[in-house]
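# Summary of the model geometry
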Amino acid sequence: MKRTQNFLNSLSNHELAFLYRYKYLSYLPNSRKLIDHEITQRNLSVFILENIVNSYESNVPYSNHQCFRCGSLKLQIIQENKKYTSRLEGLDAYISNKNPKVDRIECLVCGHVLQDDNHETDWWGWLKKRFIKKSKY
Ligand SMILES: [Zn+2]
């Protein structure tokens, strides 16, 4: 809980608005209470937060180091096992007993996925899931 509270304390009002819009429902009830408390403590309301989000989305700045959706710099880079490997990569993984890794960059504030090398969140990943067999390695 303290970790969640520390994260909430680090957010600007702008970031809190995006967190509320896009990730609120993904949190467990206790964390939602913390978010609600943070909103009231800052003298904000759902109406104000929605206004912040709506007024920002029309002029989103572009930068490689910030979220495309909310503009936050709080990005998380997660190393995942590569899900669809070539035969050579699969053989190398089998011999070395190490799975090839790929990056997934996700916004901690709004949950937007900026980069997904496994293509789990885009249409290419959707096609692969349905028509290409997943490699064991
Ligand atoms: Zn974001």
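The structure contained in this document is the topic of the report that follows. (Residues numbered from 1 in each chain as written. Predicted model: local features only at pLDDT ≥ 70, side-chain atom pairs only at ≥ 80, totals over all residues.)

## Overview of the overall build of the protein
Along its length, the protein carries 6 helices and 3 strands. The N-to-C order of helical and strand elements in the protein reads α-α-α-α-β-α-β-β-α. Every one of the 137 residues in the protein was classed for burial, and the buried ones make up 12%. Taking all contacts inside the protein whose residues are at least 6 apart in sequence as the whole, residues at least 24 apart take part in 62%. (Helix = DSSP H or I, 4+ residues; strand = E, 2+ residues; numbered from the N terminus. Buried ≥ 20, exposed ≤ 12 C-beta atoms within 10 Å, placed from the backbone. Contact = placed C-beta atoms within 7 Å.)

## As for the packing of helix α1 (residues 2–10) against helix α3 (residues 29–41)
Packing of α1 against α3 leaves a shortest axis separation of 10 Å and a crossing angle of 30 degrees. Looking at the two axes, α1 sits roughly parallel to α3. Between α1 and α3 the crossing geometry is right-handed. Mapping the contact onto sequence places Thr4, Gln5 and Leu8 in α1 and Ser31, Leu34, Ile35 and Glu38 in α3. When grouped by side-chain class, the residues that make up the contact of α1 with α3 number 3 nonpolar, 3 polar and 1 charged. (Axes fitted to C-alpha atoms, helices over the stretch in contact; angles between N-to-C directions. Parallel < 35°, antiparallel > 145°, perpendicular 65-115°, else oblique. Left-handed = near helix turned anticlockwise from the far one by under 90°. Nonpolar A, V, L, I, M, F, W, Y, C, P; charged D, E, K, R; others polar.)

## Here we look at unusual backbone geometry
Phi is positive for asparagine 43, close to 60 degrees, though the residue is something other than glycine. Mapped onto the fold, asparagine 43 is located in the loop between α3 and α4 (46–57). Judged by C-beta crowding, with 8 C-beta atoms within 10 Å, asparagine 43 ranks as exposed. Located in the positive-phi region is asparagine 97, a residue other than glycine, with phi close to 60 degrees. Looking at the element boundaries, asparagine 97 is found in the loop between α5 (87–96) and β2 (101–107). Using a count of 7 C-beta atoms within 10 Å as the deciding quantity, one classes asparagine 97 as exposed.

## Regarding the sheet that holds strand β1 (residues 75–81)
What the 3 strands build is an open sheet, ordered β1-β2-β3; its pairing is antiparallel. Strand pairing shows two members of the sheet lacking a second neighbour, β1 and β3 (113–116), which therefore form its edges. Ignoring which end each strand starts from, the neighbouring axes of this sheet average 15 degrees apart. Sheet topology places β1 next to β2; 7 bridges connect them, and they run antiparallel. Counterpart to asparagine 81 in the pairing with β2 is lysine 101. (Pairing = 2+ DSSP bridges.)

## Some words on α3
For α3, spanning 13 residues, the distance from its first C-alpha to its last is 18 Å, which sits close to the expected 18 Å at 1.5 Å a residue. Looking one or two residues beyond α3, the residue adopting positive phi is asparagine 43, at roughly 60 degrees. (Expected span 1.5 Å × (residues − 1).)

## Comments concerning the nonpolar core
Core analysis: the largest hydrophobic core is formed by 12 residues, namely Leu11, Ala17, Phe18, Leu19, Tyr20, Leu49, Ile52, Cys67, Cys70, Cys107, Val109 and Cys110. Secondary structure elements with two or more residues in this core: α2 (13–22) and α4. It is α2 that provides the largest number of residues to this core, a total of 4 residues. Each of domain 1 (2–57) and domain 2 (75–131) contributes no fewer than three residues to this core. When near neighbours in sequence (up to four residues on either side) are disregarded, valine 109 contacts Leu11, Glu15, Phe18, Leu19, Cys67, Cys70, Ser72 and Lys74. (Core = buried A, V, L, I, M, F, W, Y, C linked by C-beta atoms within 7 Å. Domains from an automatic or database assignment.)

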